[in-house]
Amino acid sequence: MKPKIDSTSFGSITVNGETFKYDILIRLNGQVEKREKGLSKELYGTSHKISLEEAKHIYEEGTEKILIGTGQTGFVKLSEEAENFFAEKKCGVELFPTPWAIERWNELEGNITAMFHITC
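Residues numbered from 1 in each chain as written. Predicted model: local features only at pLDDT ≥ 70, side-chain atom pairs only at ≥ 80, totals over all residues. Heavy atoms only, no water.

Q: Can you help me understand the overall build of the protein chain in this one?
A: Helices and strands together make up the secondary structure of the protein chain, namely four helices and 10 strands. Each helix and strand of the protein chain, placed in order from N terminus to C terminus, yields the pattern β-β-β-β-β-α-β-α-β-β-α-β-α-β. Whereas a compact globule of 120 residues would reach a radius of gyration of roughly 14 Å, the protein chain reaches 13 Å, a difference of no more than 12%. Each of the three principal axes of the protein chain carries a C-alpha extent, and together these read 35 × 30 × 20 Å. Put simply, the protein chain has 120 residues, and 44% of those count as buried. (Helix = DSSP H or I, 4+ residues; strand = E, 2+ residues; numbered from the N terminus. Rg over C-alpha atoms; globule rule 2.2 N^0.38 Å. Buried < 20%, exposed > 50% of the residue type's maximum accessible area, 1.4 Å probe, protein only.)

Q: Got a minute to help me understand the sheet that holds strand β2 (residues 12-15) in this structure?
A: Whether parallel or antiparallel, the strands of a sheet pair through hydrogen bonds between backbone atoms. Here three strands make up an open sheet; going across it, the order is β1-β2-β3 and the pairing antiparallel. For this open sheet the edge positions go to β1 (5-9) and β3 (18-20), each flanked by a neighbour on one side alone. Across the sheet, the axes of successive neighbouring strands diverge by a mean angle of 15 degrees, strand direction being ignored. Here β1 runs beside β2; their pairing, made up of four bridges, is antiparallel. Note that in β2 the partner of Ser-7 across the bridge is Thr-14. (Pairing = 2+ DSSP bridges. Axes fitted to C-alpha atoms, helices over the stretch in contact; angles between N-to-C directions.)

Q: Teacher, can you tell me more about unusual backbone geometry here?
A: Most peptide bonds take the trans form, and the phi angle of most residues other than glycine is negative. If you check the backbone angles, Asn-16 has positive phi at about 50 degrees while not being a glycine. Note that Asn-16 resides in the loop between β2 and β3.

Q: So what exactly am I meant to see when it comes to the packing of aromatic side chains here?
A: Both the distance between ring centres and the angle between the ring planes are used here to describe each pair of aromatic rings. Scanning the entire structure with this criterion turns up four aromatic pairs. Measuring from ring centre to ring centre gives 6.4 Å for Trp-105 and Phe-116, while their planes differ by 90 degrees; the resulting arrangement is edge-to-face. You can see Trp-105 sitting in helix α4 (residues 98-107) and its partner Phe-116 sitting in strand β10 (residues 112-117), a full 11 residues away along the chain. Each member of the pair, Trp-105 as well as Phe-116, carries the same accessibility label: buried. Three or more aromatic residues joined by ring pairs make a cluster, and in this case those are Tyr-59, Phe-85 and Phe-86. In this arrangement the basic side chain of Lys-2 is found over the ring face of Trp-105, its NZ or CZ atom lying 4.7 Å from the centre. The lysine or arginine in question, Lys-34, covers the ring of Tyr-22, its NZ or CZ lying 5.3 Å from the ring centre. (Phe/Tyr/Trp six-rings, centres within 6.5 Å; stacked < 30°, edge-to-face > 60°. Lys NZ or Arg CZ within 6 Å of the ring centre and 35° of its normal.)

Q: Please explain the sheet that holds strand β5 (residues 32-34) as it appears in this structure.
A: Taken in spatial order, the five strands line up as β5-β4-β10-β7-β9 in an open sheet, and their pairing is mixed. Looking along the sheet, the strands with just one partner apiece sit at the ends: β5 and β9 (92-96). Ignoring which end each strand starts from, the neighbouring axes of this sheet average 20 degrees apart. Bridging between strand β7 (residues 65-70) and β10 involves six bridges; their strand directions are parallel. When the bridges of β10 are listed, Ile-66 appears paired with Thr-113. Where α4 meets the sheet, its contacts fall on β4 (24-26), β7, β9 and β10, and the angle it forms with β10 comes to roughly 160 degrees. (Contact = heavy atoms within 4.5 Å.)

Laid out in structure tokens, this is it:
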């Protein structure tokens, strides 16, 4: 079941009443897990650029769309390799500052995976 995101503020996100103090990934089955941002940080020295390895970790077979909350002010971007990977999988990607991405998440239906950056 798709969880409802209640709110976000700098450094936190609340999903179904539970507050997380780290970036999260929401899987197709609704499971909330900690973002594996080290997969991007190792390559770029920052978690503000999503690497191919992190893109592969985010993607699940059957995903139609990936929604990315790019942070409170929108710093997170996809690397060219990550963009190409999602395009090869025929998976749409939407990037919005996290507060807007939450609104979008709560209205979207279908096979959607989401990643939310909660700072910057």
